[in-house]
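Listed below, chain by chain, are the residues.
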2 protein chains.
Amino acid sequence: VRLSEGVEWGLHCATLLALLPPGVAMPASKLAEYHGVPEPYLAKHLQGLSRAGVVESVSGPRGGYRLARPADEITVLDVVEAVDGGEPAFRCTEIRRRGPTALPDSAYTRRCGIHAVMLRADEAWRGELRQQTVGDIVRSLARTASPAAAEKGVAWLASTLAR
Amino acid sequence: VRLSEGVEWGLHCATLLALLPPGVAMPASKLAEYHGVPEPYLAKHLQGLSRAGVVESVSGPRGGYRLARPADEITVLDVVEAVDGGEPAFRCTEIRRRGPTALPDSAYTRRCGIHAVMLRADEAWRGELRQQTVGDIVRSLARTASPAAAEKGVAWLASTLAR
């Protein structure tokens, strides 16, 4: 079980967009440059984030992407599901209905106990991601990033936005 | 993000093995027949379960697989990790170290905040699966399976073990 790298990219992009001044947008090309990732693939995930209402695109010469709502109102789960979809990691294929002991579908009125356990774990995972917002991540980065990294990031942002 | 179907198969096999009388083993061919899944693929997962110490193989004419310890001492997580591995679903590729603001590795002394959030969610998922045992699943099936399904399963088991 592995999440796509788009999840990592999407979370980093949402975090960077949360640092922009209100109303300011950043083009996909700049988001790709900052993160050192290929623009065509990133663009696909930005479109997913846009469809999910996490970011919005602004057209025009100073256009690009910006968060669609305040960073404290975007959960990590919003971003993860926008990129990866909302389906549980465990897919029940109802194998209890196969083989020599199979019965007509009408015999299976209750959810399989194995499926139920896996769904509860999935909900625990989502619950944890629902409790954290992009705003929380920004604040945690402010605490954990090295001063040199923060300085370089701010300088890059300033020169990029000044263009 | 999707778990392999081997996880579903492994959990169903462990549940069936938990229903066998003490000391009795079931060949991979019968486990495959009962679940209506292809034996070669199932055999691969049974070997994984065996390597992880969840099941053990018994050789000889009445050989096959049996649980390596009581069902109440095998967690759902034991089975899931035996089949799927223990790596977190989110893989951090450290994209913060790429692009125009990258610094030498020595600047990154603390874990990235995004990685930390994703690891906490992964731990919540594993924690939930660690709280449930194969024994719990057997008891939940006893409550949720239809009487007709239970009857047919018991009859199949009896005739298979009598051979």
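Residues numbered from 1 in each chain as written. Chains lettered and ligands numbered in written order. Predicted model: local features only at pLDDT ≥ 70, side-chain atom pairs only at ≥ 80, totals over all residues. Heavy atoms only, no water.

### Side note on the overall build of chain A
Rules: Helix and strand definitions here come from DSSP, where helices need a minimum of 4 consecutive H or I residues and strands a minimum of 2 consecutive E residues; each element is numbered from the N-terminal end. Our radius of gyration is a C-alpha quantity, and the globule rule it is checked against amounts to 2.2 Å times the number of residues to the power 0.38. Burial classes: relative accessible area under 20% of the type maximum marks a residue as buried, over 50% as exposed, and values in between as partly exposed (1.4 Å probe, protein chains only). By the convention used here, residues are in contact when the closest approach between their heavy atoms is within 4.5 Å. Here the Shrake-Rupley method, with its probe set to 1.4 Å, supplies the accessible areas, and only the displayed protein chains count as covering residues. The charge count treats Lys and Arg as positive and Asp and Glu as negative. His and the chain ends do not count. Charged groups are reduced to one reference atom each: NZ for lysine, CZ for arginine, CG for aspartic acid, CD for glutamic acid.
What chain A contains, in helices and strands, is 7 helices and 2 strands. Its helices and strands taken in sequence order, chain A reads α-α-α-β-β-α-α-α-α from the N to the C terminus. Taken over the C-alpha trace, chain A has a radius of gyration of 20 Å; the compact-globule value for 163 residues is 15 Å, which it surpasses by more than 25%. Seen along its three principal axes, the alpha-carbon backbone of chain A occupies a region of about 70 × 35 × 25 Å. The proportion of buried residues among the 163 residues of chain A is 50%. By sequence separation, contacts in chain A at least 24 residues apart represent 67% of the contacts at least 6 residues apart. A total of about 7,600 Å² of accessible surface is found on chain A, and carbon and sulfur atoms cover 53% of it. Computing the positive centroid from 20 side-chain charges and the negative centroid from 18, chain A places the two 3 Å apart.

### Re the relation of the copies chain B and chain A
As a reminder of what qualifies: We superpose the copies by least squares over the C-alpha atoms of residues that have a pLDDT of at least 70 in both of them.
The operation relating chain B to chain A is a screw motion whose rotation component is 180 degrees, with 0.0 Å of axial translation and a residual RMSD of 0.0 Å. Look at the turn and shift together and you get a two-fold axis relating the two. Relative to the rotation axis, the C-alpha of Trp125 of chain B is the closest in chain B, positioned 2.5 Å from it. By residue overlap, the copies meet face to face through one surface: 100% of the interface positions of chain B are interface positions in chain A.

### Here's the deal with the interface of chain B and chain A
Which entries qualify depends on this criterion: By buried area we mean how much accessible surface two parts lose on assembly, using a 1.4 Å probe and totalling the loss over both. Only one rule defines a salt bridge in this text: a Lys or Arg side-chain nitrogen within 4 Å of an Asp or Glu carboxyl oxygen. Residue type decides the class: Asp, Glu, Lys and Arg count as charged, Ala, Val, Leu, Ile, Met, Phe, Trp, Tyr, Cys and Pro as nonpolar, and the leftover types, Gly among them, as polar.
Contact with chain B, which involves 60 residues of that partner, is made by 60 residues of chain A. Surface buried jointly by chain B and chain A totals about 5,500 Å² across both partners, of which 65% is contributed by carbon and sulfur atoms. Our count for the chain B to chain A interface comes out at 2 salt bridges. A salt bridge links Arg120 of chain B to Glu128 of chain A, with the nearest nitrogen and oxygen atoms 4.0 Å apart. Going through the elements one at a time, α1 (5-18), α2 (28-35), α4 (76-84), α5 (113-130), α6 (134-144) and α7 (147-162) of chain B are the ones with two or more residues in the side of chain B that touches chain A. Here the residues of the side of chain B that touches chain A are counted per class, giving 31 nonpolar, 13 polar and 16 charged.

### Here's the deal with the side chain of Thr160 of chain B
Residue and element names in this part refer to chain B. To keep things clear, this is the line we draw: Any pair of N or O atoms that falls within 3.5 Å is considered a polar contact. Within protein, one atom must be able to donate a hydrogen and the other to accept it, and sequence-neighbouring residues count only if both atoms are side-chain atoms.
Mapped onto the secondary structure, Thr160 falls in helix α7. Take Thr160: its relative accessible area is 10%, and that puts it in the buried class. Among the polar contacts listed, one links the side chain of Thr160 to the backbone oxygen of Trp156, at a separation of 2.8 Å. Thr160 has contacts with Met26 and Lys30, leaving out every residue within four places of it along the chain.

### Things to note about the environment of Leu11 of chain A
With respect to the helices, strands and loops of the structure, Leu11 of chain A is situated in helix α1 (residues 5-18). In sequence terms Leu11 of chain A and Gly36 of chain A are 25 residues apart; their C-alpha atoms lie 14 Å from each other. Once you skip the residues sitting within four places of it in the chain, Leu11 of chain A turns out to touch Val76, Val79 and Val80 of chain A together with Ile114 and Met118 of chain B.

### Some points on the nonpolar core
Basically, it comes down to this: Working definition of a nonpolar core: buried Ala, Val, Leu, Ile, Met, Phe, Trp, Tyr and Cys residues. They are joined through side-chain atoms within 4.5 Å.
Residues Leu31, Met118 and Leu129 of chain A together with Leu31, Met118 and Leu129 of chain B are the most contacted members of the largest nonpolar core, which totals 90 residues. Once residues within four sequence positions are removed from consideration, Met118 of chain B is found in contact with Leu3, Val7, Leu11, Val76, Val80, Trp125 and Leu129 of chain A together with Phe90 of chain B.

### Re the pattern of salt bridges
Opposite charge on two side chains lets them pair, provided their charged atoms get close. Counted by the stated rule, this structure contains 24 salt bridges over all chains. For Arg126 of chain B, the salt bridge is made with Asp122 of chain B, and the minimal N-O distance between the two is 2.6 Å. Of the two residues, Arg126 of chain B and Asp122 of chain B are both situated in helix α5; the distance of 4 residues between them amounts to about one turn of the helix. Per residue, the accessibility class of Arg126 of chain B equals that of Asp122 of chain B, and both read buried. Through salt bridges that share partners, Glu94, Arg96, Arg97 and Asp105 of chain A make up one connected network.

### Here we look at the side chain of Thr133 of chain A
Residues and elements named next belong to chain A. Mapped onto the secondary structure, Thr133 falls in the loop between α5 (113-130) and α6 (134-144). For Thr133, a relative accessible area of 11% puts it in the buried group. There is a polar contact of 3.2 Å between the side chain of Thr133 and the backbone nitrogen of Gly135. Beyond its immediate chain neighbours, meaning those up to four positions away, Thr133 contacts Ala71, Asp72, Ile74, Thr75, Val76 and Arg139.

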